[in-house]
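Descriptive structure summary
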Amino acid sequence: MKDIAKAFSYLIAAQVQAVGIILFSLWAAKKLDELYPMRFTWLIVIIPIGILAVIHTFYLILRSLFWQKKAQSSSDEERGAQDTQKDESGA
């Protein structure tokens, strides 16, 4: 249950961060259009960068969740092996 709550909180935090990144990208593109006018709009440059940042954030979250689950399962296996050794030596 604790792992599910942690995963859910990571997911909510990532969504809030994604919205923040996209809103900041829109604001930055507007400011760049005002300060450095070009033949193109800065939105086509900034939005892909923002989307890459969001994808990277979700990748890091998924990687940390899988790494945590793998570490927990290996520690459970070690604990089980130690318990088995104690049972064999005590018998």
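Residues numbered from 1 in each chain as written. Predicted model: local features only at pLDDT ≥ 70, side-chain atom pairs only at ≥ 80, totals over all residues. Heavy atoms only, no water.

Here we take up the overall build of the protein chain. Across its full length, the protein chain carries 2 helices and 0 strands. Put simply, the protein chain has 91 residues, and 13% of those count as buried. With the model as given, the accessible surface of the protein chain reaches about 7500 Å², and the carbon-plus-sulfur share is 68%. (Helix = DSSP H or I, 4+ residues; strand = E, 2+ residues; numbered from the N terminus. Buried < 20%, exposed > 50% of the residue type's maximum accessible area, 1.4 Å probe, protein only. Areas by Shrake-Rupley, 256 points an atom, 1.4 Å probe, with all protein chains shown as cover.)

Enumeration over the complete set of coordinates arrives at 1 salt bridge. For Lys 31, the salt bridge is made with Glu 34, and the minimal N-O distance between the two is 3.8 Å. Remark: Glu 34 and Lys 31 occur in helix 1 (residues 2-35); sequence separation between them is 3 residues, near one turn of the helix. (Salt bridge = Lys/Arg side-chain N within 4 Å of Asp/Glu carboxyl O.)

Our next topic: the environment of Ala 14. Counting through the fold element by element, Ala 14 comes out in helix 1. Given a relative accessible area of 2%, Ala 14 falls into the buried group. For Ala 14, the contacting residues outside a window of four places in its chain are Thr 57, Phe 58 and Ile 61. (Contact = heavy atoms within 4.5 Å.)

Scanning the entire structure with this criterion turns up 2 aromatic pairs. Ring geometry for Phe 24 versus Trp 27: centroids 5.7 Å apart, planes at 35 degrees, classification tilted. Remark: Trp 27 and Phe 24 occur in helix 1; sequence separation between them is 3 residues, near one turn of the helix. Overall, the relative accessible area of 53% leaves Phe 24 in the exposed class. Between Phe 40 and Trp 42, the ring centres sit 5.4 Å apart and the planes meet at 65 degrees, which makes this aromatic pair edge-to-face. Taking the relative accessible area as the measure of exposure, Phe 40 reaches 34% and is therefore partly exposed. Trp 42 gets classed as buried once you look at its relative accessible area, which sits at 16%. (Phe/Tyr/Trp six-rings, centres within 6.5 Å; stacked < 30°, edge-to-face > 60°.)

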